[in-house]
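Residues per chain, in single letters:
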Amino acid sequence: MQQVIISVKELTKQYGSFEAVKGISFDVYEGEIFGLLGPNGAGKSTTLEIIETLRTKTSGTVTVNGFNLDHAPNDIKKIIGVQLQTSGYYPGLNLVELIQLFAGLYNRNIDPMELLGRVNLRDKAKNKFKELSGGQKQRFSIATTLINEPKIIFLDEPTTGLDPQARRNLWDLIREIRDKGTTIIITTHYMDEAEKLCDRVAIVDSGRIIALNTPDQLIDDLVATGFERPKEVKMANLEDVFIHMTGKELRGE
Ligand code: ADP
Ligand code: MG
């Protein structure tokens, strides 16, 4: 039996008279990569930010690593890592200085170069954040979530806008972080990504969870209804062509 690390029960969020989250319940297991999928406006970010203690909920119960959100939000803050919006970084500081700044805020003693090495950004140590490519920016912001050695990290659309190589590179990084024991909650609009990366996914639509299972089981369930995809006539797709021609290695770095 897997250990539950996040438990969300009957969570609702009202923005004025609009109910963005309509009674969501789910558990996240320790050590898994859990995906929240769903159309724009489904309520994914709202749900995540409530668990992250960054937004207030309207009703429901949230427990993170045994800490109740209503009673121990500060205990929750200490054990989670949240990928900040990119605009939040001081423009005048280089990557090492930014990491030192965060480490100071968290009261942690960490080696910035070691951390930059983990996300393959050692050679950008003296660069400013704005000088990084899209993929590098995402890797750096993931690095910042690791500074307090969290048990859980939250990644809200970390691969949106990245080229195919940078996306794959980020998948490897996310798997490495999970393999070291960190639980990961991620949102994405790329279903191929969710299928390859996530142990389990919840599909959210209009503030409700309409499905929750392993990608494999969700696919099998659909096939069992008699669903049949139009036959693939080709053995490769355009993404295969792109990767084959431009190589698997990272570009624009
Ligand atoms: P998702 O991340 O799934 O795209 P969000 O959680 O960002 O969805 O938004 C869910 C719904 O709540 C959307 O209809 C959005 O417009 C609305 N919403 C989000 N934040 C606010 C806010 N601060 N005030 C009012 N409505 C909001
Ligand atoms: Mg969102």
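Residues numbered from 1 in each chain as written. Chains lettered and ligands numbered in written order. Predicted model: local features only at pLDDT ≥ 70, side-chain atom pairs only at ≥ 80, totals over all residues. Heavy atoms only, no water.

- By the naming in an unreviewed UniProt entry, the chain goes by ABC transporter domain-containing protein and is assigned to Filimonas zeae.
- According to UniProt, the comment filed for the chain under the heading Sequence similarities (unreviewed entry) is "Belongs to the ABC transporter superfamily."
- In the Subcellular location (unreviewed entry) part of its UniProt record, the chain is described as follows: "Cell membrane". (UniProt positions renumbered as here; feature names shortened; annotations may be inferred.)

Focus: the site of ligand 1
Stage number 1. Close contacts around ligand 1 come from Tyr 15, Phe 18, Ala 20, Pro 39, Asn 40, Gly 41, Ala 42, Gly 43, Lys 44, Ser 45, Thr 46 and Arg 55, and that covers them all.
Stage number 2. Contacts to ligand 1 include Thr 46, whose side-chain N or O atom sits 2.5 Å from an oxygen atom.
Stage number 3. Across the complex, the protein chains shield 61% of the 560 Å² of accessible surface that ligand 1 would expose by itself.
Stage number 4. Elements with a contribution of two residues or more to the shell around ligand 1: strand E2 (18-29) and helix H1 (44-51).
Stage number 5. The greatest single-element share of the shell around ligand 1, amounting to three residues, is contributed by H1. (Near = heavy atom within 4 Å. Polar contact = N/O pair within 3.5 Å; in protein donor to acceptor, adjacent residues only side chain to side chain. Areas by Shrake-Rupley, 256 points an atom, 1.4 Å probe, with all protein chains shown as cover. Helix = DSSP H or I, 4+ residues; strand = E, 2+ residues; numbered from the N terminus.)

A short note on the packing of aromatic side chains
Stage number 1. Enumeration over the complete set of coordinates arrives at five aromatic pairs.
Stage number 2. Note on Tyr 89 and Phe 102: the rings are 6.0 Å apart at their centroids and 80 degrees apart in plane angle, and the pair reads as edge-to-face. Taken together, the positions of Tyr 89 in the loop between strand E6 (80-82) and helix H3 (95-106) and Phe 102 in helix H3 put the pair 13 residues apart, joining distant regions of the chain. Each of the two residues, Tyr 89 as well as Phe 102, counts as buried.
Stage number 3. Counting every residue linked through ring pairs, the aromatic cluster contains Tyr 89, Phe 102, Phe 129 and Phe 140.
Stage number 4. The ring of Tyr 190 carries Arg 167 above its face, with NZ or CZ at 4.0 Å from the centroid. (Phe/Tyr/Trp six-rings, centres within 6.5 Å; stacked < 30°, edge-to-face > 60°. Buried < 20%, exposed > 50% of the residue type's maximum accessible area, 1.4 Å probe, protein only. Lys NZ or Arg CZ within 6 Å of the ring centre and 35° of its normal.)

Looking at the pattern of salt bridges
Stage number 1. Under the definition given, this model contains 12 salt bridges.
Stage number 2. Across the pair Arg 55 and Glu 49 runs a salt bridge whose closest N-O atoms are separated by 2.6 Å.
Stage number 3. Residue Asp 179 is joined to Arg 178 by a salt bridge in which the shortest nitrogen-to-oxygen separation is 3.1 Å.
Stage number 4. Overlapping salt bridges bring together Arg 167, Asp 192 and Glu 193 as one network. (Salt bridge = Lys/Arg side-chain N within 4 Å of Asp/Glu carboxyl O.)

Observations concerning the nonpolar core
Stage number 1. Of all hydrophobic cores here, the largest spans 36 residues; its most connected members are Leu 116, Phe 140, Ile 174, Ile 184 and Ile 186.
Stage number 2. Of all the secondary structure elements, the ones that give two or more residues to this core are strand E3 (33-37), H3, helix H4 (112-118), helix H5 (134-145), strand E7 (152-156), helix H6 (164-179), strand E8 (183-187) and helix H7 (191-197).
Stage number 3. Judged by nonpolar contacts, the second largest core, of 26 residues, contains Phe 34, Leu 69, Ile 79 and Val 82. (Core = buried A, V, L, I, M, F, W, Y, C linked by side-chain atoms within 4.5 Å.)

Looking at the sheet that holds E3
Stage number 1. Across the sheet, which stays open at both edges, the six strands sit in the order E6-E7-E8-E3-E9-E10 with mixed pairing between neighbours. Looking at the sheet topology across the chains shown, the edges are occupied by E6 and strand E10 (208-213). Pairwise comparison of adjacent strand axes, ignoring direction, gives a mean angle of 15 degrees for this sheet.
Stage number 2. In this sheet, E8 lies alongside E3 in parallel orientation, the contact comprising four bridges. Residue pairing for E8: Phe 34 is matched across the bridge by Ile 185.
Stage number 3. Lying on the sheet, helix H8 (residues 215-224) is in contact with strand E9 (200-205) and E10; it crosses E10 at an angle near 100 degrees. (Pairing = 2+ DSSP bridges. Axes fitted to C-alpha atoms, helices over the stretch in contact; angles between N-to-C directions. Contact = heavy atoms within 4.5 Å.)

So, the pairing of E7
Here is the key point about a regular strand: its side chains alternate between the two faces of the sheet.
Stage number 1. Counting buried positions along E7 gives four out of five residues, so the element sits mostly inside the fold.
Stage number 2. Bridge analysis of E6 against E7 gives three bridges, and the strand direction is parallel. Looking at the pairing, Val 82 lines up with Phe 154 of E7.
Stage number 3. Direction of pairing for E7 relative to E8: parallel, over a ladder of five bridges. The partner of Leu 155 across the bridge, within E8, is Ile 186.

Thoughts on H3
Stage number 1. Spanning 12 residues, H3 covers 17 Å between terminal C-alpha atoms, matching the ideal 16 Å at 1.5 Å per step.
Stage number 2. If you check which residues of H3 are buried, you get Leu 95, Val 96, Leu 98, Ile 99, Phe 102 and Ala 103. With its buried residues spanning 160 degrees around the axis, H3 presents them on a single face. Every exposed residue of H3 that faces more than 90 degrees away from the buried side is listed here: Gly 104 and Leu 105.
Stage number 3. In this structure, the buried side of H3 is in contact with H4 and H5.
Stage number 4. In this structure Asn 94 caps H3, since a side-chain oxygen of it lies 3.1 Å from the backbone nitrogen of Val 96.
Stage number 5. Note on H3: the residue one or two positions beyond its end, Asn 107, has a positive phi of about 60 degrees. (Expected span 1.5 Å × (residues − 1). Arc of directions from axis to C-beta.)

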